[in-house]
Amino acid sequence: MSGDNKRTYERFKGTDRRSFLKAGTATIAGVSLAGCSGDGGDGDGGDGGDGSDGGDGSDGGDGDGGDGATPEPLDLDDDVQAVLDKVPDYYPDDYGQTLQKAKQEGTLTFYTSHFGSFSESYTKAFNEFCPFIDVQPVNLSTAKVYQRFASEAAQGVWEPDVIHTYDAVALSQLNNQGLLMNYDSPEKSHYADKWKSEDETILAAHYNPYSNAWHPPEMSDPPTSLEATAQRISDDPDGWDGNFAMYDGQLSTSMWQTMLQWQEIYGEETMKEHVSTLASANPRTFWSTSTMGEWVARGEVQFGIGLAQFILDAYIAPDFSSDEIAWGPASDIISNIFLGGYQVVGEPTNPNAAKVFFDWFHSPRGQIFFTNTWNMVSTHDQVAAEDVESEYADLGKMVHSNISDQTEFVWGYDTLSKAGADKTDLKSWWYQTFVGGG
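## Observations regarding the sheet that holds strand 11 (residues 343-344)
Then, in step 1: Pairing within the open sheet is mixed, and its four strands lie in the order 2-1-3-11. Looking at strand neighbours, the two that pair on one side only are strand 2 (134-139) and strand 11, the edges of this open sheet.
Then, in step 2: Where strand 1 (residues 107-112) lies against strand 2, six bridges are found, and the strand directions are parallel. Paired with tyrosine 111 across the two strands is valine 138, which belongs to strand 2.
Then, in step 3: Contacts between helix 6 (residues 142-154) and the sheet are confined to strand 1, strand 2 and strand 3 (162-163), with strand 1 contributing the most and set at about 125 degrees to the helix.
Then, in step 4: Set on the sheet, helix 14 (residues 351-362) makes contact with strand 1, strand 3 and strand 11; between it and strand 1 the angle comes to about 55 degrees.

In structure tokens:
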């Protein structure tokens, strides 16, 4: 830990973090990510702490204790050994020490933009794997996750141990500001470079396929791309007027990244022409994919563009028969948003518990859980097609094959976070197009 953050942290070191947070909410609530300052701590290893908490230096990660001496190995409890027996065989020999320290910490808190039933499902799955860590999720919107965390961290308040946000650009900014720990996880080598930052932080553990959804009684031959949709609207403007749904006219993370895909495919000017044609047909827009899916399934609109596949699968399909709603991949809305993985923060209060959660999430065990439960596609090199057993496995594999066969998968971290696109300008244009009337 260094600079202003160290001074601030030392100042509040004896104060309960949650009490300080409540007292300081009014001060920090309005601070945006772009306006944050401070270097966010030293990351993994840190300054080693003062050794007063048992010698693992949790102030700055995994320091060696105040006097620099190597601590004696801890005896492993039976329940710790039971977890150790379940980790992959490529984990280091001393991983049991991390688990034993995690048990001593006993808890971890994370901020997530996953919605409640989502975070509840994997919290339960993690505790089936590791029952001695009390996981405390805080569910926030995507924007609030990084704004709140960055604001707190800039003032030396490290409220969560782990953080998650969908937004590739926001996650990249947090990493570049030094607010995330560059944890040398044993899972790192099992993710290709295109899913990681330049410092090899795993930023895209999996992605969810995107689909267009349509109402079969009204549409038997849906358009398969942005260009084709724009052409259909031009050919029959009255038939399409108000008769389709467009995900989020205010441009959430999901549509922001989809828009960048379109820009890569068509070029900015052509993409804007196509999107303006969509806007001219007055699409219904809403931020909730489940709400939009119901519009399609009930026949309120004939077509929906940019619907998240896993929400359709999990929340819409069980309530409607196959002749009421259908969906499939489009040639230029082929994927993702990629889903950023959970990250250990720069100065976690419970560093070992945070690392154990990080490792589980990014391991084959955690990724197979996500793949099967939420119909996602994992980027871990040991999660194979035969590991996918969900009801919608064929659809998931079909989309994955579609991506692989057509083109190199370019919509991950490299394109969306490193391209240098200005989100603010594009978001303003998108909002004006769909909400402001052009």
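This is not the end of the story, as more comes after the structure.
## Thoughts on the side chain of glutamine 343
Then, in step 1: Residue position: glutamine 343 is located in strand 11.
Then, in step 2: Using a relative accessible area of 1% as the deciding quantity, one classes glutamine 343 as buried.
Then, in step 3: A polar contact of 2.4 Å, which involves the side chain of glutamine 343, links it to the backbone oxygen of isoleucine 202.
Then, in step 4: Excluding residues within four positions of it along the chain, glutamine 343 makes contact with Asp161, Val162, Ile163, Leu171, Leu180, Thr201, Ile202, Leu203 and Phe358.

## Some details on the packing of aromatic side chains
Then, in step 1: Taken as a whole and judged by the stated rule, the model has 22 aromatic pairs.
Then, in step 2: Arranged with centres 5.4 Å apart and planes meeting at 25 degrees, the rings of tyrosine 122 and phenylalanine 370 form a pair that is stacked. Of this pair, tyrosine 122 sits in helix 5 (residues 116-129) while phenylalanine 370 is found in helix 15 (residues 364-374), placing the two residues 248 residues apart along the sequence. Residues tyrosine 122 and phenylalanine 370 agree in their burial class; the two are buried.
Then, in step 3: Judged by centre distance (5.0 Å) and plane angle (75 degrees), the ring pair of phenylalanine 361 and phenylalanine 370 falls under edge-to-face. As far as the burial class goes, phenylalanine 361 and phenylalanine 370 line up, both buried.
Then, in step 4: Site record: aromatic cluster; members linked through ring pairs are Phe110, Tyr122, Phe126, Phe129, Tyr342, Phe357, Trp360, Phe361, Phe369 and Phe370.

## Topic: the environment of tryptophan 327
Then, in step 1: As for its placement among the helices and strands, tryptophan 327 is situated in strand 9 (residues 326-328).
Then, in step 2: Using a relative accessible area of 17% as the deciding quantity, one classes tryptophan 327 as buried.
Then, in step 3: Between the C-alpha atom of tryptophan 327 and that of serine 211, which follows or precedes it by 116 residues, the distance is 6.0 Å.

## Thoughts on unusual backbone geometry
Peptide bonds are mostly trans, and most non-glycine residues show a negative phi.
Then, in step 1: At glutamate 200, a position not held by glycine, the phi torsion is positive, near 70 degrees.
Then, in step 2: Examined against the element boundaries, glutamate 200 turns out to sit in the loop between helix 7 (168-176) and strand 4 (206-207).

## A few points about the pairing of strand 6 (residues 244-247)
Then, in step 1: Of the two faces of strand 6, the one holding Phe244 and Met246 and the one holding Ala245 and Tyr247 are both buried throughout.
Then, in step 2: Relative to strand 8 (residues 303-308), strand 6 is paired through three bridges, and the arrangement is parallel. By the bridge assignment, alanine 245 is partnered in strand 8 with glycine 304.
Then, in step 3: Looking at chain direction, strand 6 and strand 7 (residues 284-286) are connected through three bridges and run parallel. Its bridge partner lying in strand 7, tyrosine 247 is registered against phenylalanine 286.

## Examining helix 14
Then, in step 1: Compared with an ideal rise of 1.5 Å per residue, which puts 12 residues at 16 Å, helix 14 spans 16 Å between its outermost C-alpha atoms and is within 8% of the ideal.
Then, in step 2: The buried fraction of helix 14 amounts to 12 of the 12 residues, a majority that puts the element mostly inside the structure.
Then, in step 3: Taken residue by residue, helix 14 has Pro351, Asn352, Ala353, Ala354, Lys355, Val356, Phe357, Phe358, Asp359, Trp360, Phe361 and His362 as its buried positions.

## Some words on helix 12 (residues 289-297)
Then, in step 1: Within helix 12, the full set of buried residues consists of Thr289, Met292, Gly293, Trp295, Val296 and Ala297.
Then, in step 2: Of the residues trailing helix 12, glycine 299 is marked for its positive phi of about 80 degrees.

## Structural notes on the packing of helix 5 against helix 15
In a packed pair of helices, the relevant descriptors are the angle between the two axes and the axis-to-axis distance.
Then, in step 1: Interaxial distance between helix 5 and helix 15 falls to 11 Å at its minimum, and their mutual angle equals 140 degrees. Judged on the interaxial angle alone, helix 15 and helix 5 are oblique. Between helix 5 and helix 15 lies a crossing of right-handed hand. Along its contact with helix 5, which presents Ser117, Phe118, Ser121, Tyr122, Ala125 and Phe129, the element helix 15 presents Arg365, Phe369, Phe370 and Trp374.

What counts and how
- Residues numbered from 1 in each chain as written.
- Predicted model: local features only at pLDDT ≥ 70, side-chain atom pairs only at ≥ 80, totals over all residues.
- Heavy atoms only, no water.
- Pairing = 2+ DSSP bridges.
- Helix = DSSP H or I, 4+ residues; strand = E, 2+ residues; numbered from the N terminus.
- Contact = heavy atoms within 4.5 Å.
- Axes fitted to C-alpha atoms, helices over the stretch in contact; angles between N-to-C directions.
- Buried < 20%, exposed > 50% of the residue type's maximum accessible area, 1.4 Å probe, protein only.
- Polar contact = N/O pair within 3.5 Å; in protein donor to acceptor, adjacent residues only side chain to side chain.
- Phe/Tyr/Trp six-rings, centres within 6.5 Å; stacked < 30°, edge-to-face > 60°.
- Expected span 1.5 Å × (residues − 1).
- Parallel < 35°, antiparallel > 145°, perpendicular 65-115°, else oblique.
- Left-handed = near helix turned anticlockwise from the far one by under 90°.

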